[in-house]
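Commentary on secondary and tertiary structure
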Amino acid sequence: MADLYGQSGDDKRPTEVPAIRWEEPPEGPVLVLLDQTRLPAEEVELVCTDASALVEAIGSLAVRGAPLLGIAGAYGVALAAARGFAVDEAADALAGARPTAVNLSVGVRRARDAYQAEVAKGGGPEQGARAALAAARQLHREDAEASTRMAQHGLALLGELLPGGGHRILTHCNTGALVSGGEGTAFAVALAAHRAGQLRRLWVDETRPLLQGARLTAYEAARRGMAYTLLTDNAAGSLFAAGEVDAVLIGADRIAADGSVANKVGSYPLAVLARYHHVPFIVVAPVTTVDPHTPDGASIEVEQRPGFEVTEMAAPQAPVSGAGGGIPVAPLGTQAYNPAFDVTPPELVTAIVTEEGVVSPVTADGLAELCARSGRAATG
């Protein structure tokens, strides 16, 4: 079990490579991504010159995380428009790259709508491309602002539920700056607690099979000087039993109208454990993650990932022989069940924290009211 101690409130704010950025070199506009599959061993950037390259990056998880996927999708439409490619074709390919993450289709739609509106007014493709880029940049700014507000609401909620500070927070997957235009969703709340001197320990699920917790959340926590401990996913139960968890904080890839939450596979078992041990289970996500058109959890399409992600282990600079380019850890021909997400029913969720406020208890009416306040019902 990897362990790191940090000084409470000591936020190092390191110089970071942005998870995503738009650049305009002489040879034409490009979208530059921090390749998250290479972290934490090395910080390598991918340069996308067209939407198809971005679709490939999304599929490989080089760029990932619901809010960032929305931003990437919007920039992808702008890139197609600026490069003179078919915008509708690019938008359709981008929106379908990861079906569970609703933010991706939201971002794509915003940029495509901006492009089409400009063209409908008589503007040419160049003006349409500028409109799409402006929409993408606006979404990027909005997400950064939403991240700050979610952190504030989440920290206040922790203070209400767990007065006195000294929080021991368990998190799953990665929900920090690597998934956001700002400092993230659930991780941003933990970071706010750290800055306020209220975080005693961040428990980091390694998050199999692709280890986003071990590779990415631990990477971000270490760079922020936070006190964190890494654990295997199947060690969470013993951690709860020992009374070492005060709250669970996770993100979301899609929240149905009834409050069902699709998030990285392994989230649902944590909700069951949290309920049994009377520990708050808190979901932190922007309002764009709420999908009013998906009525319930059973209606959420859960992405199925390739089996080799389970039957092989990726190890940098190691000899590989598996079909997916990794080291085989199961007999050749082994079939694997590999859903990318699972769905937690609303009755197991203590609260959903958004930039517009907190919904608790989690009900369809509460979410509908939240969406109405934000205008999400009309634009979703």
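The structure displayed is predicted, hence computed values, not measured ones. (Residues numbered from 1 in each chain as written. Predicted model: local features only at pLDDT ≥ 70, side-chain atom pairs only at ≥ 80, totals over all residues. Heavy atoms only, no water.)

UniProt's entry tags Asp 253 with the feature "active site" (unreviewed entry), counted in the numbering of this structure. Sequence-distant contacts of Asp 253, that is, excluding residues within four places in its chain, are made with Ala 66, Thr 100, Ala 101, Val 102, Asn 103, Ala 262, Asn 263, Lys 264, Thr 289 and Phe 341. (UniProt positions renumbered as here; feature names shortened; annotations may be inferred. Contact = heavy atoms within 4.5 Å.)

Quick look at the UniProt feature "site: Transition state stabilizer" (unreviewed entry) in the chain now. As annotated by UniProt and renumbered to match this structure, "site: Transition state stabilizer" (unreviewed entry) occupies Cys 173. Relative to the assigned elements, Cys 173 resides in the loop between strand E5 (167-171) and helix H6 (186-195). The class of Cys 173 is buried, set by a relative accessible area of 7%. Every residue in contact with Cys 173, bar those within four places of it in the chain, is listed here: Arg 64, Asp 205, Thr 207, Gln 212, Gly 213, Thr 217 and Lys 264. (Helix = DSSP H or I, 4+ residues; strand = E, 2+ residues; numbered from the N terminus. Buried < 20%, exposed > 50% of the residue type's maximum accessible area, 1.4 Å probe, protein only.)

Time to look at the side chain of Asp 205. Mapped onto the fold, Asp 205 is located in strand E6 (residues 199-205). Although Asp 205 is buried, it makes no salt bridge; Arg 208 carries the closest opposite charge, 9.8 Å away. A polar contact is formed between the side chain of Asp 205 and the side chain of His 172, at a distance of 2.9 Å. Apart from residues no more than four positions distant in its own chain, Asp 205 is found in contact with Leu 170, Thr 171, His 172, Cys 173, Gly 213, Ala 214, Leu 230, Leu 231, Thr 232, Asp 233, Ala 236 and Leu 270. (Lys, Arg positive; Asp, Glu negative; His and termini not counted. Salt bridge = Lys/Arg side-chain N within 4 Å of Asp/Glu carboxyl O. Polar contact = N/O pair within 3.5 Å; in protein donor to acceptor, adjacent residues only side chain to side chain.)

Right, let's get into the sheet that holds strand E4 (residues 45-48). A sheet is described by the order of its strands in space; here 3 strands give the open sequence E2-E3-E4, paired in antiparallel fashion. Both edges of this open sheet fall to strand E2 (20-23) and E4, since each of them pairs with a single strand only. Strand-to-strand twist in this sheet, taken as the mean axis angle between neighbours without regard to direction, amounts to 25°. Sheet topology note: the E2/strand E3 (residues 30-34) ladder contains 4 bridges and is antiparallel. Bridging from a neighbouring strand, Arg 21 pairs with Val 32 of E3. (Pairing = 2+ DSSP bridges. Axes fitted to C-alpha atoms, helices over the stretch in contact; angles between N-to-C directions.)

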